[in-house]
Amino acid sequence: MLVLGIESSCDETGIALYDTEQGLLAHALHSQIDMHAEYGGVVPELASRDHIRRALPLTQHVLKTAARQLANIDCIAYTQGPGLAGALLVGTSIAEALAFTLNVPTLGVHHLEGHLLAPLLEENPPSFPFVALLVSGGHTQLMRVSAIGDYELLGDTLDDAAGEAFDKTAKLLGLGYPGGPALSRLAKEGKPGKFKLPRPLLHSGDLNFSFSGLKTAVLGIVNEQKALHGELPEATKADIAFEFQEAVTEVLTAKCMAALRETGLDSLIVSGGVGANARLRERLNQATARKMCKVSYPRLEFCTDNGAMIAFAGAMRLKNLSAEQAANQDHHFTVRPRWDLAELQKP
Ligand code: KG4
Ligand code: ZN
């Protein structure tokens, strides 16, 4: 079965073709980063308009790359939520219109389920059950994943998500958008021991996170340094970035290890944009190796938003889409800008 995946929840248009027998055939992505950079963040209306421009040319591109025709598509999976309402509506309406024309079923995919399953697209994928750390711009969650659709929340952020903390801290340091990659590049130049930031909730005894205090602590240092030097010297920025990244990755790593301990599982997967962070990967590789546990990541380009994870999540659910459901699609649709992962059911 050939599944077309469409991702348009935020600032990336991602399209992919996944074949349930042959695996991922082709994928393509258009990032809107350059367009939003001058505003310092995503402008929802511009995002929606750009998805309209990109979705069909990218679809034609993946079909050509995979040497397939529109008529070969058996199902269309699209991100139904959570995300920006207007951006979601673009992908959703394109998916439903195409599906109506091709007379194939659609599947509304949960964006976070896409992220969560992205490591399964790689070679030697982990098998269920495993602990998942989902670290994106909007989420920082630890989950016990027993099967597709069987997700038990173990811990969550009480305030900012890890990616959000990276983005806000990058802004305080005068770095561009998106802040995570820029901050982690700068951190490479930083020296240890110049500044000390808290490790929020490191010893809280539960699996929750809190990152907003960290950003406030960075603001304190920035103001102090500005009072001393006027503008922040580049070396000082790098030292702050270094310590910030150390603080976030230390807490994330410690909680992942605690989650493995508490669940008794020996396999961890990491997904979402912050999962691309090299220091986080280094720490997790070391910590899991010490405990003889396995850790799996998506390839770097599938950490951030992409169509492949949506096509794959759709394919996993398609296996169990009943003939009745498939035939009964009326192509009325809604998007779910807010959608709790816990509401998902096993297929
Ligand atoms: O998963 P994603 O593409 O979008 C959401 O669904 O939120 O994640 C984007 C987030 C942004 O906050 C971005 O700054 C962060 O992931 N990010 C990183 C890195 N690459 C992306 N954070 C830290 N280090 C990175 N290398
Ligand atoms: Zn995402």
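The numbering scheme is per chain: residues are counted from 1 as the chain's sequence reads. Here the convention is simple: chains get letters from A, ligands get numbers from 1, in the order in which they are written. The predicted nature of this model means local features are confined to residues of pLDDT at least 70 and side-chain atom pairs, given and counted, to a pLDDT of 80 or more, with totals for whole chains, interfaces and linings taken over all residues. Water and hydrogen atoms play no part in the side-chain values, which are based on all heavy atoms of the structure.

A. Highlighting the pairing of strand β1 (residues 2–7). Burial status follows relative accessibility: with a 1.4 Å probe on protein chains alone, a residue under 20% of its type maximum counts as buried, one over 50% as exposed, and anything between as partly exposed. Helix numbers and strand numbers start at the N terminus; a helix is a DSSP run of H or I with at least 4 residues, a strand a run of E with at least 2. Here β1 lies mainly inside the structure; 6 of its 6 residues are buried. Because side chains alternate across β1, one face comprises the buried residues Leu2, Leu4 and Ile6, and the other comprises Val3, Gly5 and Glu7, equally buried. The pairing of β1 with strand β2 (residues 12–19) spans 6 bridges and is antiparallel. Within β2, the position partnered with leucine 4 by the bridge is leucine 17. Turn length for the β1-β2 hairpin, with the two strands adjacent in sequence and antiparallel, is 4 residues. For β1 and strand β4 (residues 75–81), the ladder comprises 4 bridges, and the chain directions are parallel. Its bridge partner being in β4, isoleucine 6 is matched across the sheet by tyrosine 78. In short, DSSP must find at least two bridges between two strands for them to pair.

B. Fine view of the environment of alanine 16. Among the secondary structure elements, alanine 16 is positioned in strand β2. Separated by 163 residues in sequence, alanine 16 and glycine 179 place their C-alpha atoms 27 Å apart. When residues no more than four places from it in sequence are discounted, the contact partners of alanine 16 are Val3, Leu4, Gly5, Leu24, Ala26, His27, Gly307, Ala308 and Ala311. Throughout, a contact is declared for two residues whenever any of their heavy atoms are within 4.5 Å.

C. Expanded view of the coordination of the zinc ion (ligand 2). Note on the zinc ion (ligand 2): its protein donors are His111 (NE2), His115 (NE2) and Asp305 (OD). The metal-donor distances range over 2.0 to 2.1 Å. Seen from the zinc ion (ligand 2), its 4 donor atoms lie at angles of 93 to 132 degrees, and the figure they make is tetrahedral. The rule for donors is simple: N, O or S, within 2.8 Å of the metal, or within 3.2 Å if the metal is Na, K or Ca. Water isn't counted, so a site may look like it is missing partners. One chain supplies every donor for the zinc ion (ligand 2), spaced along it as H-x3-H-x189-D. Note that histidine 115 is positioned in helix α4 (residues 111–117) and aspartate 305 in the loop between β10 (294–296) and α10 (307–318), a separation of 190 residues in sequence. Angle rules define the geometry names used: all angles between 85 and 135 degrees makes four donors tetrahedral, while opposite donors over 155 degrees apart and all other angles between 65 and 115 make four donors square planar and six octahedral, leaving every other case irregular.

D. Molecular detail of the side chain of glutamate 122. With respect to the helices and strands, glutamate 122 occurs in the loop between α4 and β6 (130–135). Polar contacts involving the side chain of glutamate 122 include one to the side chain of arginine 299, which spans 2.9 Å. Apart from residues no more than four positions distant in its own chain, glutamate 122 is found in contact with Tyr297, Pro298, Arg299 and Phe302. In the analysis that follows, any N or O atom pair within 3.5 Å is treated as a polar contact, provided that within protein one partner can donate a hydrogen and the other can accept it, and provided that, for residues neighboring in sequence, both atoms belong to side chains.

E. Quick peek at the state of the cysteines. Defined by distance alone, a disulfide is two cysteine sulfur atoms within 2.5 Å. In total, this model carries 0 disulfides according to the counting rule given. Free of any disulfide, cysteine 256 has its nearest neighbouring cysteine sulfur in cysteine 293, separated by 11 Å.

Geometry only, nothing functional implied.
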